[in-house]
Amino acid sequence: MPQAQAVKTFYRDDEKRQRVGNTIREYMGFFDETNGGGVEARKAQYTTMINNYYDVVTDFYEHGWGQSFHFAARASKEAFDASLARAEHYLALRLGLQAGMKVLDVGCGVGGPMREIARFSGASVEGVNNNDYQLEKVASHNREAGLSHLCSGFKGDFMNLGVADETYDAAYQIEATCHAPDKAGAFAEIARVLKPGALFAGYEWCMTHKYDSSDARHQWIKSEIETGDSLPDIASIPETLAALEAAGFELVDSFDAVLTSDSATPWYLPLLGETSSLLGLRRGRLGRRIARRTIGLLEAVGIAPKGSQEVSQMLGRAAEALIAGGETGIFTPSYFFVARKK
């Protein structure tokens, strides 16, 4: 679907344009430190902030990225979609997933990974998500894939899952708990719903040991990633591992998965732009430039709500910050861990 048609479909009525316009303004306020925004405000109101973000960007993410909203380490000459599936299969293997197991997907998005993992392993996967719009998409995509018998979504918050103790045989998260206002608290809630000895694995967004908090360039990269990706704050690798241990997990294994990427095929290559497909072009710099101009025109003629171009620009800055974070090595979207509930 061309970008203009995607936007017209997304903003198909006046009520939705008005609602999205209001949501954009509220979301941007969380990052305006001159008017009460900042880290503490984002942590205190993380549910509202994240819901606002995904109400606005979900359709555009699917249009440009597909149904699995994450990055992955790339092997030489490996296609982007293949790298995503491989990362998801690796999670299933490290968790030992198989038919008959009940698994929690923490922050399931629109359910791309859950469907891939269920097909691969035969396990039943339940995804928690606090965004109504994305949950509608999870149910629809599951039906279309013929996987409703194995995959489902429920509304909840990873700080308060609303699920009985010791419900699940395993759990995973893919670039989701980076949204948590209290990482140890989120991990503790996940531990609560796991059976004793069960495994929890994930890919976490982290600042690496190369990050220098006194470096203005590093500060800008971190800030733009947080703003463009709805993050209260980005934890360091030691902070993430300490949070797992504080939550009652025993660390089994951990490493930065992006360091296994082929040097000519870095994890952020899709953001630079790949010429092998139309979708690859849309993900990259050229696609973002075209999208910004298209959205600006649609906003000018009243099809897209006020603030749409601002969001497009925000996402563009975040993409550039992610590229810079990858090039400098100060940021990873794929710090892998496996931990066992004690």
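In this convention, every chain numbers its residues from 1, walking through the sequence in written order. Whole-chain, interface and lining totals are the exception, using all residues; otherwise, since this is a predicted model, local features are given only for residues with pLDDT of at least 70 and side-chain atom pairs are given and counted only at 80 or more. Remark: hydrogens and water are excluded; side-chain values derive from all non-hydrogen atoms of the structure.

Let us now look at the overall build of the protein. Secondary structure counts use DSSP, requiring at least four H or I residues in a row for a helix and at least two E residues in a row for a strand, with both numbered from the N terminus. Secondary structure assignment for the protein yields 14 helices and 7 strands. In this scheme, a residue with accessible area under 20% of its type's maximum is buried, one over 50% is exposed, and one in between is partly exposed, where area comes from a 1.4 Å probe on protein chains only. Looking at the protein residue by residue over its 342 residues, the buried ones come to 57%. Contacts are assigned to residue pairs with any non-hydrogen atoms lying within 4.5 Å of each other. Counting only contacts in the protein whose residues sit at least 6 apart along the sequence, the fraction spanning at least 24 positions is 76%. Taken as a whole, the protein presents about 14200 Å² of accessible surface, with 51% of it coming from carbon and sulfur. Per-residue and other accessible areas were derived by the Shrake-Rupley procedure at a 1.4 Å probe size, with only the shown protein chains allowed to occlude residues.

Bringing the packing of helix α6 (residues 112-121) against helix α7 (residues 132-145) into the picture now. At a minimum axis distance of 10 Å, the contact between α6 and α7 shows a crossing angle of 35 degrees. The handedness of the crossing between α6 and α7 comes out as right-handed. Residues M114, R115 and R119 of α6 form the contact with α7, whose own contacting residues are V138, H141, N142 and A145. Under the scheme applied here, ten amino acids are nonpolar (Ala, Val, Leu, Ile, Met, Phe, Trp, Tyr, Cys and Pro), four are charged (Asp, Glu, Lys and Arg), and all others, including Gly, are polar. Partitioning the contact of α6 with α7 into residue classes produces 3 nonpolar, 2 polar and 2 charged. Axis definition: a line fitted to C-alpha atoms, limited for helices to the stretch in contact. Angles are taken between N-to-C directions and run from 0 to 180 degrees. The handedness criterion is simple: a crossing whose near helix is rotated anticlockwise from the far helix by less than a right angle is left-handed, and one whose near helix is rotated clockwise is right-handed.

As a further point, take the environment of P266. Mapped onto the elements, P266 comes out in the loop between β6 (249-256) and α11 (269-272). Residue P266 is classed as buried on the basis of its relative accessible area, which comes to 15%. With 190 residues separating them along the chain, P266 and S76 place their C-alpha atoms 9.5 Å apart.

Negative phi is the rule for most residues except glycine; trans is the rule for most peptide bonds. Phi angles above zero are rare outside glycine, and E166 is one such case at about 55 degrees. By the element assignment, E166 lies in the loop between β3 (151-155) and β4 (168-174). Using a relative accessible area of 44% as the deciding quantity, one classes E166 as partly exposed. In this structure, E175 is a non-glycine residue whose phi angle is positive, near 55 degrees. Mapped onto the elements of the fold, E175 is located in the loop between β4 and α8 (183-193).

Another point: the pattern of salt bridges. By salt bridge we mean one thing: a side-chain nitrogen of Lys or Arg within 4 Å of a carboxyl oxygen of Asp or Glu. Taken as a whole, this structure holds 13 salt bridges when the rule is applied. A salt bridge links D233 to K222; the shortest N-O distance between them is 2.5 Å. Separated by 11 residues along the polypeptide, D233 in the loop between α9 (216-229) and α10 (237-246) and K222 in helix α9 bring together distant segments of the chain. Taking relative accessible area as the criterion, D233 reaches 30% and is therefore assigned partly exposed.

Another aspect to go through is the pairing of β3. Across 5 bridges, the pairing between strand β2 (residues 124-129) and β3 is parallel. Within β3, the residue paired with E126 across the bridge is S152. Viewed along the sheet, the connection from β2 through α7 into β3 turns out right-handed. Following DSSP output, two strands are said to pair if at least two bridges run between them. The definition of a right-handed crossover adopted here requires that, viewed with the strands pointing away, the path from the first strand over the helix to the second runs clockwise.

A word on the confidence of the model for the protein. Low-pLDDT stretches of the model should not have their predicted coordinates read in fine detail. Confidence of the prediction at every residue is given by pLDDT, a number between 0 and 100. With 74% of its residues at a pLDDT of 70 or more, the protein shows a mean pLDDT of 85. Across residues 1-13 the pLDDT falls below 50, and counting only partners more than four positions away or on other chains, this stretch makes 33 contacts in the model.

By disulfide we mean two sulfur atoms from cysteines, separated by a distance within 2.5 Å. Applying the stated criterion across every chain yields a total of 0 disulfides. Counting only cysteine sulfurs, C108 is the nearest neighbor of C151, a cysteine outside any disulfide, at a range of 9.8 Å. When its relative accessible area of 3% is taken as the criterion, C151 is described as buried. The thiol of C178 is unpaired, and the distance to the nearest cysteine sulfur, on C206, comes to 9.0 Å. For C178, a relative accessible area of 3% translates into the label buried.

The subject of this paragraph is the environment of H141. As for its placement among the helices and strands, H141 is situated in helix α7. We classify H141 as buried; its relative accessible area is 12%. In sequence terms H141 and V110 are 31 residues apart; their C-alpha atoms lie 7.8 Å from each other. A distance of 3.0 Å separates polar atoms of two side chains, one belonging to H141 and the other to E62. Polar contact is the term for a pair of N or O atoms within 3.5 Å; when the atoms are in protein, one must be able to donate a hydrogen and the other to accept it, and sequence-neighboring residues count only if both atoms are side-chain atoms.

Two measures define how a pair of helices packs: the angle their axes make with one another and the distance between the axes. Interhelical geometry of helix α5 (residues 80-95) versus α6 gives an angle of 55 degrees and a closest axis separation of 9 Å. Judged by the angle between their axes, α5 and α6 are oblique. In this structure, the crossing between α5 and α6 has a hand that is right-handed. Seen from α5, the contacting residues are A85, E88, H89, A92 and L93; seen from α6, they are P113, E116, I117, F120 and S121. Working rule for angles: under 35 degrees goes down as roughly parallel, over 145 as roughly antiparallel, 65 to 115 as roughly perpendicular, anything else as oblique.

The pairing of strand β1 (residues 102-106) with β2 spans 5 bridges and is parallel. Its bridge partner lying in β2, L104 is registered against E126. Taking the sense of rotation as the criterion, the β-α-β connection linking β1, α6 and β2 turns out right-handed.

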